Amino acid sequence: MSYIKKIIDKTVTSIDTDLEGWEKISGTPTMKTWIEYTSEDGSMIAGCWEATEGSYRAEYKSWEYIHLIEGKVTITPDGGESVTLSPGDSFVIEAGFTGVWEIEEKVFKHFTIKL
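On a predicted model such as this, the values are computed, not experimentally measured, just so you know.

Chemist: Teacher, can you tell me more about the nonpolar core here?
Modeler: One broad trend across soluble globular proteins is that nonpolar side chains are buried collectively. The biggest cluster of nonpolar side chains holds 21 residues, and the ones touching the most others in it are Trp22, Trp49, Tyr60, Val73, Ile75, Ile93 and Trp101. Elements represented by at least two residues in this core include exactly strand 3 (44-51), strand 4 (54-59), strand 5 (63-77), strand 7 (90-93) and strand 8 (98-114). Top contributing element to this core by residue count: strand 8, with five residues. In this view, Trp22 contacts Met31, Trp49, Tyr56, Arg57, Ala58, Tyr60 and Trp101; residues no more than four positions away in its chain are not counted.

Chemist: What's the story with the packing of aromatic side chains in this structure? I'm lost.
Modeler: In this description, an aromatic ring pair is defined by two values, namely the gap between the centres and the angle between the planes. Tallied over the full model, the rule gives eight aromatic pairs. Aromatic side chains Trp22 and Tyr56 sit 5.5 Å apart centroid to centroid with 70° between the ring planes, which places their arrangement in the edge-to-face category. Placement of the pair is Trp22 in strand 1 (residues 22-26) and Tyr56 in strand 4, with a sequence separation of 34 residues. For the pair shown, Trp22 and Tyr56 are each scored as buried. Over the face of the ring belonging to Trp49 we find Lys109, whose NZ or CZ atom lies 4.5 Å from the ring centre.

Chemist: Could you clarify how one ought to interpret the pairing of strand 7 in this entry?
Modeler: Within a regular strand, the side chains alternate between the two sheet faces. Side-chain alternation along strand 7 places Phe91 and Ile93 on a buried face and Ser90 and Val92 on a face that remains uncovered. Sheet analysis places strand 5 next to strand 7, joined by four bridges and oriented antiparallel. Paired with His67 across the bridge in strand 7 is Ser90.

Rules used throughout
- Residues numbered from 1 in each chain as written.
- Predicted model: local features only at pLDDT ≥ 70, side-chain atom pairs only at ≥ 80, totals over all residues.
- Heavy atoms only, no water.
- Core = buried A, V, L, I, M, F, W, Y, C linked by side-chain atoms within 4.5 Å.
- Buried < 20%, exposed > 50% of the residue type's maximum accessible area, 1.4 Å probe, protein only.
- Helix = DSSP H or I, 4+ residues; strand = E, 2+ residues; numbered from the N terminus.
- Contact = heavy atoms within 4.5 Å.
- Phe/Tyr/Trp six-rings, centres within 6.5 Å; stacked < 30°, edge-to-face > 60°.
- Lys NZ or Arg CZ within 6 Å of the ring centre and 35° of its normal.
- Pairing = 2+ DSSP bridges.

Written out as structure tokens, the structure is:
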């Protein structure tokens, strides 16, 4: 068993469909997801995600840690204030989040999700 798993080598086949709970609301954004790690018990995944310009309404069922590598996104939670994020920013989105992801410049991120 290897205790180290390199992420961002894109050796796995990408998932080219929109994520469950994500609905396009403006533009024609597309997304790709590379799940490059799954814990033995299936409780955690990690990988990379990219999306093109446009907006999605998103609902989160799980906690997610994100490190933005490329692009610019403004995230607005329902009833909350917008946060604009750019390369180098790291952040957490809690399970139960609902709101809008406005992708202003093509985004590429690392993610870890606790299922």
